[in-house]
Amino acid sequence: MSNFKRITREISIFLLIEMIKPNLTWIQILKKMVRFNKKLHKTERLDWKYLNECLYENPKYKGTKRITHYGKTVFSQNGEDGIIDEIFKRIGTTNKFFVEFGLQEGIESNTALLLLKGWDGLWIEADKKYVSQINETFNEPIKSKQLKVKNSFVTPENIENIFDECGVPKELDLLSIDIDSTDYWVRKSINKYKPRVLIMEYNAVYFPPIVWIKKKDDPYWNNDINMGASLQAIHDLNKSKGYSLVGCDFNGVNAFFVRNDCFSEELFESDTSAEFHYETFKDLVPYSYHKKVFNMGDVDPDIKV
């Protein structure tokens, strides 16, 4: 959940509780709201203090070849925007093509920012309601054919057919997988396509060296811990496919893999084990305080770079 949505929810709950209390005037409720808002902002300041001490200034990350401390958020939820940027600064880009599935309405995806950087891509979303929202919000890049949107439920059996149908390059620059269910089995079934960089959500409940994988015949998530696969499981799978784990976001949500021919110990940490890179789940940031909206922006024709 984004910080904006979280704060909105907490204020709404607070208001509801106060409104049902007897003998409270609106002035009293508003005064309580101001005090409540101050407490919220104090919590956010503590979050930033924690991040500074435990991430940005932590010698575990600072001055190393790790990628975790490069996390920054524009549209992504857990700092993936900054980590993706840093990885491609190190290995370079080729076709600047991405594929992402499991992104809901798209505004808090791992690849929306890449559209502003001139990338092309494919989004796959199963829910027609979300696809309708995507078509409205991202009308400009869709209209220009920069972005394709496919309404389809992803399975291990159909994923490569969807890629074929949508003209995905065999060696696309980036693939992002987050469907909260059979992520592991879908990834295992992708063989013809070999992304240079791969992002996969992992289930941080099961820490390394635990290997845990959601059952293949259970494609739905019920908002419990029965989701996806442990970091060790997706590490072992991707290692068998020729990929190296180069890091995880600080919130303990996504793991980042680089194809071995793009990997170098000069660029990344030599230890690519799940134990070395594992991050436990934290409901932290780097986040944005403002509601996220997408706009392609403008170009000044008088400025040449």
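Higher on the page you've got the structure.
Figured I'd write up the structure that's included with this text. As the structure is a computational prediction, the values presented were derived from the model and not from experiment.

Quick word on the overall build of the protein chain
Inference 1: Within the protein chain, the secondary structure is distributed over ten helices and seven strands.
Inference 2: Counting every atom, the protein chain has about 15,800 Å² of accessible surface; 54% of that belongs to carbon and sulfur.

Quick notes on the environment of Tyr193
Inference 1: With respect to the helices and strands, Tyr193 occurs in the loop between α8 (183–189) and β5 (197–201).
Inference 2: If sequence neighbours within four positions are ignored, Tyr193 has contacts with Glu160, Phe163, Asp164, Val168, Pro169, Lys170 and Leu172.
Inference 3: At 2.4 Å, the side chain of Tyr193 and the side chain of Asp164 are in polar contact.

Let's talk about the sheet that holds strand β2 (residues 120–125)
Inference 1: The mixed open sheet is built from seven strands, whose spatial order is β3-β2-β1-β4-β5-β7-β6. The sheet is open, and its two edges are formed by β3 (147–151) and β6 (243–248), each paired on a single side. Pairs of neighbouring strands in the sheet enclose a mean axial angle of 15°, with direction left out of account.
Inference 2: Against the sheet, helix α3 (residues 80–91) touches β4 (174–177), β5, β6 and β7 (254–259), its axis set at about 15° to β7.
Inference 3: Along the sheet, helix α5 (residues 128–137) makes contact with β2 and β3, crossing β3 at roughly 160°.

A few points about unusual backbone geometry
Inference 1: Looking along the chain, the bond that leaves Pro208 and enters Pro209 is cis, with omega of 10°.
Inference 2: Among the structural elements, Pro209 can be located in the loop between β5 and α9 (231–240).
Inference 3: In this model, Lys96 sits at a positive phi of 50°, which is unusual for a non-glycine residue.
Inference 4: Relative to the helices and strands, Lys96 resides in the loop between α3 and β1 (97–101).
Inference 5: At Lys145, a position not held by glycine, the phi torsion is positive, near 65°.
Inference 6: On the secondary structure map, Lys145 appears in the loop between α6 (139–143) and β3.

Focus: the packing of aromatic side chains
Inference 1: The full count for this structure, using the stated rule, is ten aromatic pairs.
Inference 2: Relative to Phe250, the ring of Tyr61 lies with its centre 6.1 Å away and its plane at 85°, an arrangement referred to as edge-to-face. A residue pair is termed long-range when its members are at least 10 positions apart, and Tyr61 in the loop between α2 (26–56) and α3 and Phe250 in the loop between β6 and β7 qualify at 189 residues. Taken individually, Tyr61 and Phe250 each receive the classification buried, so the pair is uniform in this respect.
Inference 3: When the ring of Phe75 is compared with that of Phe294, the centres are 5.6 Å apart and the planes differ by 45°; the resulting orientation is tilted. In this pair, Phe75 is assigned in the loop between α2 and α3 and Phe294 in the segment after α10 (274–277), connecting sequence segments 219 residues apart. Note on accessibility: Phe75 and Phe294 belong to one class, buried.
Inference 4: Here a set of aromatic residues connected by ring pairs shows up, and it is made of Phe75, Trp123, Phe138 and Phe294.

Thoughts on the pattern of salt bridges
Inference 1: What the rule picks out here adds up to twelve salt bridges.
Inference 2: In this structure, Asp164 engages Lys192 in a salt bridge whose closest nitrogen and oxygen atoms are separated by 2.8 Å. Taken together, the positions of Asp164 in helix α7 (residues 159–165) and Lys192 in the loop between α8 and β5 put the pair 28 residues apart, joining distant regions of the chain.
Inference 3: According to the relative accessible area criterion, Lys192 is partly exposed, its value standing at 41%.
Inference 4: Here Asp218 ties to Lys214 by a salt bridge, and the two come within 2.9 Å at their closest N and O atoms.
Inference 5: For Asp218, a relative accessible area of 23% translates into the label partly exposed.
Inference 6: A single salt-bridge network, built from bridges that share partners, covers Lys60, Glu279 and Lys282.

A few points about the side chain of Gln146
Inference 1: With respect to the helices and strands, Gln146 occurs in the loop between α6 and β3.
Inference 2: There is a polar contact of 2.8 Å between the side chain of Gln146 and the backbone oxygen of Leu115.
Inference 3: Only 2.8 Å separates the side chain of Gln146 from the backbone oxygen of Trp119, close enough to count as a polar contact.
Inference 4: With sequence-adjacent residues up to four places away left out, Gln146 is seen in contact with Leu115, Gly118, Trp119, Asp120, Gly121, Pro141 and Met296.

Considering the pairing of β7
Inference 1: Across the six residues that make up β7, a large majority, six, are buried.
Inference 2: Burial of β7 is two-sided: the residues Asn254, Phe256 and Val258 facing one way and the residues Ala255, Phe257 and Arg259 facing the other way are all buried.
Inference 3: Two strands pair when backbone bridges link them, and β5 and β7 are joined in this way by five bridges, in the antiparallel orientation. Residue pairing for β7: Leu198 is matched across the bridge by Phe257.
Inference 4: Note that β6 and β7 share five bridges and pair antiparallel. Note that in β7 the partner of Ser244 across the bridge is Val258.
Inference 5: Between β6 and β7, which pair antiparallel one after the other, the connecting turn spans five residues, and Gly252 there sits at a positive phi close to 75°.

Criteria and thresholds
Residues numbered from 1 in each chain as written. Predicted model: local features only at pLDDT ≥ 70, side-chain atom pairs only at ≥ 80, totals over all residues. Heavy atoms only, no water. Helix = DSSP H or I, 4+ residues; strand = E, 2+ residues; numbered from the N terminus. Areas by Shrake-Rupley, 256 points an atom, 1.4 Å probe, with all protein chains shown as cover. Contact = heavy atoms within 4.5 Å. Polar contact = N/O pair within 3.5 Å; in protein donor to acceptor, adjacent residues only side chain to side chain. Pairing = 2+ DSSP bridges. Axes fitted to C-alpha atoms, helices over the stretch in contact; angles between N-to-C directions. Phe/Tyr/Trp six-rings, centres within 6.5 Å; stacked < 30°, edge-to-face > 60°. Buried < 20%, exposed > 50% of the residue type's maximum accessible area, 1.4 Å probe, protein only. Salt bridge = Lys/Arg side-chain N within 4 Å of Asp/Glu carboxyl O.

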